[in-house]
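Structure assessment
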Amino acid sequence: MKTVRIGAGAGFAGDRIDPAVELARDGRLHYLVFECLAERTIALAQLAKRQGRSPGFDPLLRLRMEAVLPLCRKNQTRIITNMGAANPQAAARETILLARNLNLAGLRVAWVSGDDVLALLPNHTSGDHRETLVCANAYLGIEPLLDCLRANADVILTGRVADPSLFLAPMVHEFGWALDDWPRLGQGTAVGHLLECAGQLTGGYFADPGYKDVSGLDRLGFPLAEVSPSGDSILTKLIGSGGLLSIPNCKEQILYEVQDPARYLTPDVTADFSTIRFSDDGPNRVRVFGARGAARPQNLKVSTGFHAGLIAEGQISYAGPGALARARLARQILENRLHWIAIGDLRIDFIGIDAMHGAALSSPAPEPYEVRLRAAARFFHAPDAARLTQEIESLYVNGPAGGGGVSTSVRENIAMDAAYLPRQAVTPTFGIEVA
Amino acid sequence: MKLRELAHARTGDKGNLVNISLIAYNEANYLLLEQHVTAERVTRLFSPLITRPVERFCVPGLGALNFVLHRPPAESVTRSLALDAHGKTLSYALLNMDIDSAEP
């Protein structure tokens, strides 16, 4: 029986590179997929491209490709990734240049475009009149990826594509599943969803000493799936790599970022994870089967990005006896001096006391030895942002006793919302170049 | 007993939605979770953070419940001024719930 081996090389833009190298070298993979494009990542890439600060593709593209291209070429592993971000065509050109430098002549590099739908949403607004729309990218599905695979692409670079589709496309291509074979597309989407966050399936975001012990997180192995023609798959990782791939892990990850498990919407299918089953198939080997699917949605989700001003932040610590009382006094001073900031645009927390879950949920905790005040505020005028950081710094000299360790920052804020477009309004395109 | 002794959890986010899965270590305890960790109870727990009642989805095949929290628009992951803008740490607020004092 034919089995297709698909590895997860990255679960976010800044992910570790060594686990992907190990998979490329020892995983006997047919496909290596890098998911590097969070909601906001593409907006930041669009802005960087427009302001001429970067070509618009993933800043780690070159580093990742250098690390895995020769191994993938040697092992006949095809690479699929959304590292094209805001400029897949430029990412393809960059990869071609790199391939030539690495003496990989003949490498076929494809790009997928058409996800940029900003022109279709001229009057789109968020709920906040101060915000302005800067980008809109539709989530594309497997179809343009299948075009690239049929054109014998060795590397595919995309912009906004639904994460599970990056994994589903090779399954559909290899097994010839029909584009309306909803049960198989549902099962394949489940496997893609399990893999898309890479190390989150193999023990990352899972370990809890004494409750969920995981060894070797410092050399965490990323997961791979051995997919059968029915879509039933074995999830596993390389022998000797760190981490743990267990059924509890799989249960956490299949529900990760899911609302109704029976209706997980992608451009390809309405997947049903509620019937999924996991069974043990040996150490760090889990069999996954039983997910289903129904017809795909008529509309495509669009990720819209808005200029949402600047977020300025400052922190200062207090320690020893009375630390919390002095931190509270500092907050009172700040609130009096920053009263001109609109309600809702200023937030002050005590790290170690209530910064994570808010005062109501945190109240039963005992007072710790040290407390760190954190103030954060939104501004639409840069000099105002500087006023906040100055107020934090002046707490050294003009605030409570024994304040130390001030840090401040100001960053541009891009806020993301979801919109929807009829699928017919969006036209994916692709191209291919040879090194 | 704390919920943490019976179940594990993971938080995910989508815009201003946060989902928290709650998964029985032993599938035999699933019905206990379903009975005690009601949408109403979880709504009360997270009431300072949400704008409408928590939704609960049951996945008995996995011994799991999935809770969906609706945060205010300004508390979406990309707009929030919070240190943990995603809400990733919230799973442990749920696991801190007391299970024996729960009203069924």
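None of the values given here were measured: they were computed from a predicted structure.

**Topic: the overall build of chain B**
The secondary structure content of chain B amounts to 3 helices and 4 strands. Listing every helix and strand of chain B by position from the N terminus yields β-β-α-α-β-β-α. For a compact globule of 104 residues, the expected C-alpha radius of gyration is about 13 Å, and chain B comes in at 13 Å, within 12% of that figure. Oriented by its inertia axes, the alpha-carbon framework of chain B measures out at about 40 × 25 × 20 Å. Long-range contacts, defined here as pairs at least 24 residues apart, represent 60% of the contacts in chain B between residues at least 6 apart.

**Comments concerning the interface of chain A and chain B**
On the chain B side, the residues contacting the 40 residues of chain A number 32 residues. Breaking the side of chain A that touches chain B down by element, the ones donating at least two residues are α2 (39-50), α8 (247-254), β14 (299-319), β15 (346-351), α10 (358-362), β16 (370-379) and β17 (404-422) of chain A. Looking at which element gives the most residues to the side of chain A that touches chain B, the answer is β17 of chain A, with 5 residues. Split by residue class, the side of chain A that touches chain B holds 20 nonpolar, 7 polar and 13 charged.

**Regarding unusual backbone geometry**
All names here are of chain A. Despite not being glycine, Asn152 has its phi angle at roughly 60°, a positive value. Structurally, Asn152 is set in the loop between α5 (143-150) and β6 (155-157). In this structure Asn152 comes out as exposed when scored by C-beta crowding, with 11 C-beta atoms within 10 Å. The backbone of Ala198 sits at a positive phi, close to 50°, despite the residue not being glycine. Position of Ala198 among the secondary structure elements: in the loop between α7 (182-195) and β7 (224-227). On the basis of neighbour counts, which here come to 26 C-beta atoms within 10 Å, the residue Ala198 falls in the buried class.

**Concerning the sheet that holds strand β9 (residues 264-265) of chain A**
All names here are of chain A. Spatially, β9-β10-β13 is the arrangement adopted by the 3 strands of the open sheet, whose pairing is antiparallel. The strands lining the two open edges of the sheet, one partner per strand, are β9 and β13 (292-294). Docked against the sheet, α7 engages β10 (270-272) and β13, running at close to 120° with respect to β13.

**Describing the domain arrangement of chain A**
Size of an interface, as often reported, equals the accessible area lost when the parts are brought together. As assigned here, chain A comprises domain 1 (4-113 + 139-298) and domain 2 (308-413). Summarising the inter-unit geometry, the C-alpha centres of domain 1 of chain A and domain 2 of chain A are found 40 Å apart.

**Examining the nonpolar core**
Across soluble globular proteins, nonpolar side chains show a tendency to be buried alongside one another. The biggest cluster of nonpolar side chains holds 128 residues, and the ones touching the most others in it are Leu32 of chain A together with Leu22 of chain B. With residues near it in sequence (within four places) discarded, Leu32 of chain A still touches Gly7, Gly9, Ala20, Leu23, Ala24, Val68, Cys72, Thr77 and Ile79 of chain A.

**Remarks on the pairing of β7 of chain A**
Residues and elements named next belong to chain A. Bridge count between strand β1 (residues 4-10) and β7: 4 bridges; the pairing is antiparallel. The residue of β7 that forms the bridge with Gly7 is Leu224. Both β7 and strand β8 (residues 233-236) contribute to a ladder of 4 bridges, which runs antiparallel. Its bridge partner being in β8, Glu226 is matched across the sheet by Ile234.

**Description of the sheet that holds β1 of chain A**
Residues and elements named next belong to chain A. Taken together, 10 strands build an open sheet; the order of strands is β11-β12-β8-β7-β1-β2-β3-β6-β4-β18 and the sheet is mixed. Every other strand in the sheet has two partners, leaving β11 (277-280) and β18 (429-434) as the edge strands with one partner each. Each adjacent strand pair in this sheet contributes to an overall mean axis angle of 20°, direction not counted. Here helix α1 (residues 18-26) sits on the sheet and contacts β1, β2 (31-34) and β7; the angle it forms with β1, its principal contact strand, is near 160°. Here helix α6 (residues 163-175) sits on the sheet in contact with β1, β2, β3 (78-81) and β7, set at roughly 165° to β1.

What counts and what doesn't
- Residues numbered from 1 in each chain as written.
- Chains lettered and ligands numbered in written order.
- Predicted model: local features only at pLDDT ≥ 70, side-chain atom pairs only at ≥ 80, totals over all residues.
- Helix = DSSP H or I, 4+ residues; strand = E, 2+ residues; numbered from the N terminus.
- Rg over C-alpha atoms; globule rule 2.2 N^0.38 Å.
- Contact = placed C-beta atoms within 7 Å.
- Nonpolar A, V, L, I, M, F, W, Y, C, P; charged D, E, K, R; others polar.
- Buried ≥ 20, exposed ≤ 12 C-beta atoms within 10 Å, placed from the backbone.
- Pairing = 2+ DSSP bridges.
- Axes fitted to C-alpha atoms, helices over the stretch in contact; angles between N-to-C directions.
- Domains from an automatic or database assignment.
- Core = buried A, V, L, I, M, F, W, Y, C linked by C-beta atoms within 7 Å.

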